[in-house]
Amino acid sequence: MSELIQEFDGKTLQEWEAWYLGRYADRLTVAKDRIKAMVTKLQAAILAIDDQMIDDWLRDLVIVKTFVGLRFQEAILAEVSRSVDGGYRLSEPSEEARGIDGFINGVPVSIKPVTYKVKSQLAESLQGCLIYYEKIDNDLRVEFNEKDLKP
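Quick notes on the rules
Residue indices begin from 1 for each chain and proceed along its sequence in written order. With the structure being a predicted model, the display of local features is reserved for residues of pLDDT at least 70 and the display and counting of side-chain atom pairs for 80 or more, all residues being used for whole-chain, interface and lining totals. With hydrogens and water stripped out, all remaining heavy atoms of the structure feed into the side-chain values. Here a patch means residues that are over 30% exposed by relative accessible area and free of salt bridges, tied together within 9 Å if like-charged and within 5 Å if nonpolar (Val, Leu, Ile, Met, Phe, Trp, Tyr). For the area figures, the Shrake-Rupley method with a 1.4 Å probe applies, and any residue is considered shielded solely by the protein chains shown. Within this document, salt bridges are pairs made up of a side-chain nitrogen of Lys or Arg and a carboxyl oxygen of Asp or Glu, the two lying within 4 Å of each other. Secondary structure elements are defined from DSSP: runs of H or I of at least 4 residues count as helices, runs of E of at least 2 residues count as strands, and each element is numbered from the N terminus. Three labels apply to residues, based on accessible area from a 1.4 Å probe with only protein chains included: buried if under 20% of the type maximum, exposed if over 50%, partly exposed otherwise in between. Working definition of a nonpolar core: buried Ala, Val, Leu, Ile, Met, Phe, Trp, Tyr and Cys residues. They are joined through side-chain atoms within 4.5 Å. Two residues form a contact once any of their heavy atoms are found within 4.5 Å. For this analysis, a ring pair means two rings from Phe, Tyr or Trp (six-membered ring only for Trp) whose centres lie within 6.5 Å, classed as stacked if their planes differ by under 30 degrees, edge-to-face if by over 60, and tilted for the remaining angles. For two strands to be treated as a pair, DSSP must find at least two bridges joining them.

Undergrad: So what's going on with a nonpolar patch on the surface? Residues and values would help.
TA: Together, Trp 57, Leu 58, Leu 61, Val 62, Ile 63, Val 64, Phe 67 and Val 68 give the surface a local cluster of nonpolar side chains, amounting to about 730 Å² of exposed area. Relative to the helices and strands, Trp 57 resides in helix α3 (residues 51-83). When its relative accessible area of 56% is taken as the criterion, Trp 57 is described as exposed.

Undergrad: An account of the nonpolar core is requested, with residue identities and associated values reported.
TA: With 12 residues, the main nonpolar core is built from Ile 76, Leu 77, Val 80, Val 84, Ile 104, Val 107, Val 109, Ile 111, Cys 129, Ile 131, Tyr 133 and Leu 149. Those elements that place two or more of their residues in this core are α3, β3 (107-113) and β4 (129-136). Among all residues touching Ile 104, those that are not within four sequence positions of it are Leu 77, Val 80, Ser 81, Val 84, Gly 87, Tyr 88, Val 109, Ile 131 and Leu 149. Among the nonpolar cores identified, the runner-up in size contains six residues, and Leu 4, Phe 8, Tyr 20 and Tyr 24 belong to it.

Undergrad: Could you give an account of the packing of aromatic side chains, naming the residues involved and the relevant values?
TA: The full count for this structure, using the stated rule, is seven aromatic pairs. Consider the rings of Phe 72 and Tyr 133, whose centres lie 5.8 Å apart with planes at 85°: the pair is edge-to-face. A residue pair is termed long-range when its members are at least 10 positions apart, and Phe 72 in helix α3 and Tyr 133 in strand β4 qualify at 61 residues. Through a chain of ring-to-ring contacts, the aromatic side chains of Phe 8, Trp 16, Trp 19, Tyr 20 and Tyr 24 assemble into a single cluster.

Undergrad: Give a description of the pairing of β3 that names residues and reports values.
TA: Where burial is concerned, most of β3 is hidden: six out of the seven residues are buried. Where strand β2 (residues 102-104) and β3 come together, three bridges link them in antiparallel fashion. Considered in β3, the bridge of Ile 104 is made with Val 107. Between β2 and β3, which pair antiparallel and follow one another directly, the connecting turn spans two residues, one of which, Asn 105, has a positive phi of 55°. Across five bridges, the pairing between β3 and β4 is parallel. The residue bridging Pro 113 from the neighbouring strand is Tyr 133, located in β4.

In structure tokens, the structure reads:
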């Protein structure tokens, strides 16, 4: 749409509507048909949700993802602390509630997937060090600022 608005030389909403519908009115029908098809698929997917699917999802979240996530955290804390010649510990529940996953050299640390980099408010709300990780095949890539881990 951004390229179309650049072609448009009018100034008002009414001019834009007339210009667009004069050239591309059929696109609204095509878009509507696609949306209806997607809504129909979504409705079918919602109706397919049963107790077994919920049980499977919940088990995966609570058992598998929690275990893997916490093991990743501890492995990352251990590796980063070795790289800065320091010690580490996992956080207590009250610290977890504040977004702290552990401590390296006494510095609070939050460990997040690299996809969290776009969420700048997270970094602003944490006092300490933010460690990003990315799982690549059978390896784990970790990013952090070593200066943030100096006591």
